[in-house]
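# A closer look at the structure
What follows is the residue order along each chain.
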Amino acid sequence: DTAVSQTPKYLVTQMGNDKSIKCEQNLGHDTMYWYKQDSKKFLKIMFSYNNKELIINETVPNRFSPKSPDKAHLNLHINSLELGDSAVYFCASSQDASSGTPHNEQFFGPGTRLTVL
Amino acid sequence: AQSVAQPEDQVNVAEGNPLTVKCTYSVSGNPYLFWYVQYPNRGLQFLLKYITGDNLVKGSYGFEAEFNKSQTSFHLKKPSALVSDSALYFCAVKDWGNYQLIWGAGTKLIIKP
């Protein structure tokens, strides 16, 4: 069984379009994340979200928005796509990343390669 | 400021030789340190972590890491490298401000037969 899954695996779209990437975890974790990995493989946290709090990296444009219909899902919506949004986006999850037990490891999805033309 | 440094973009090792991938950190509060591995076209996989206790931490695939508080380092090691260990390795430390991970830039490990 896949622990953290993402769809689609590849996404090719035109500048200016709006797109979504879906993420689901079946680990029962209470915290989920979105990361962006650029062409140099640098990993940047975009959002972390649990049922209590959304933490947004201040450098993320407001064209990006996470939406969580329930604890097992955290989707990423991107409006008005730009060329610079081309990257691999990873979803991840962990248990109790808040002040309770903040040292649990994160489990990553396989990634979604977004190409903006 | 809290940070993680991986000083080597790439490390080349012959198969069968020991390997070391370096990581140094700067954090206020207790350092919670992690190593992850990323194989080509895959997501990151957890290897090991240091929270407290023994400075030598053992993890997956025969990897281990040594926590050194005085040198603020957490180097990843393996006694005998395999070609299949070739991958991108990330070091990370917990940010006590927002409980997220601060990631290093990654080190590409190449094991040559």
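For the structure, check the block above.
The structure reproduced in this document is the subject of the present report. (Residues numbered from 1 in each chain as written. Chains lettered and ligands numbered in written order. Predicted model: local features only at pLDDT ≥ 70, side-chain atom pairs only at ≥ 80, totals over all residues. Heavy atoms only, no water.)

Each helix and strand in chain B was counted, giving zero helices and 12 strands. Across chain B, helices and strands are ordered from the amino to the carboxyl terminus as β-β-β-β-β-β-β-β-β-β-β-β. On C-alpha atoms alone, chain B measures out to a radius of gyration of 13 Å, which is about the 13 Å that the 2.2 N^0.38 rule sets for 113 residues. If you line up chain B on its principal axes, its C-alpha atoms span 45 × 30 × 20 Å. Counting over 113 residues, chain B shows a buried share of 48%. For chain B, long-range pairs separated by at least 24 residues make up 55% of all intrachain contacts whose partners lie at least 6 apart in sequence. Accessible area of chain B: about 5200 Å², with a carbon and sulfur share of 49%. (Helix = DSSP H or I, 4+ residues; strand = E, 2+ residues; numbered from the N terminus. Rg over C-alpha atoms; globule rule 2.2 N^0.38 Å. Buried < 20%, exposed > 50% of the residue type's maximum accessible area, 1.4 Å probe, protein only. Contact = heavy atoms within 4.5 Å. Areas by Shrake-Rupley, 256 points an atom, 1.4 Å probe, with all protein chains shown as cover.)

For chain A, the helix and strand inventory stands at zero helices and 11 strands. The helix and strand sequence of chain A, counted from the amino end, reads β-β-β-β-β-β-β-β-β-β-β. Dimensions of chain A along its principal axes, counting C-alpha atoms only, are 40 × 35 × 30 Å. Per-residue burial for chain A yields a buried fraction of 45% across its 117 residues. Of the roughly 5900 Å² that chain A leaves accessible, carbon and sulfur atoms contribute 50%.

Residue and element names in this part refer to chain A. Within the element layout of this structure, leucine 74 appears in the loop between strand E7 (64–67) and strand E8 (75–78). Owing to a relative accessible area of 1%, leucine 74 belongs among the buried residues under this scheme. Each C-alpha atom, one on leucine 74 and one on glutamine 6, is 9.8 Å from the other, the two residues being 68 residues apart in sequence.

Looking now at the interface of chain B and chain A. In this assembly, 21 residues from chain B lie in contact with 22 residues from chain A. A combined buried area of about 1800 Å² lies between chain B and chain A, and 57% of that area is made up of carbon and sulfur atoms. When residues of chain B are sorted by the area they lose upon contact with chain A, Tyr99, Gln100 and Trp103 of chain B head the list and together hold 29% of the total. Here chain B and chain A share one salt bridge between them. Two residues, lysine 49 of chain B and glutamate 105 of chain A, come together in a salt bridge whose shortest N-O distance is 2.9 Å. Summed over the shared surface of chain B and chain A, the result is five residue pairs in polar contact (both at pLDDT 80 or more). Partitioning the side of chain B that touches chain A into residue classes produces 13 nonpolar, five polar and three charged. (Buried area = accessible area lost by both parts, 1.4 Å probe. Salt bridge = Lys/Arg side-chain N within 4 Å of Asp/Glu carboxyl O. Polar contact = N/O pair within 3.5 Å; in protein donor to acceptor, adjacent residues only side chain to side chain. Nonpolar A, V, L, I, M, F, W, Y, C, P; charged D, E, K, R; others polar.)

Successive residues of a regular strand alternate their side chains across the two faces of the sheet. Residues and elements named next belong to chain A. Residue alternation in strand E11 (residues 112–116) divides its side chains into a buried set, Thr112, Leu114 and Val116, and an unburied set, Arg113 and Thr115. Note: strand E2 (residues 10–13) against E11, four bridges, orientation parallel. From the neighbouring strand, threonine 13 faces E11, where its bridge partner is valine 116. Sheet analysis places strand E9 (residues 87–94) next to E11, joined by three bridges and oriented antiparallel. Bridge pairing links alanine 87 to leucine 114 in E11. (Pairing = 2+ DSSP bridges.)

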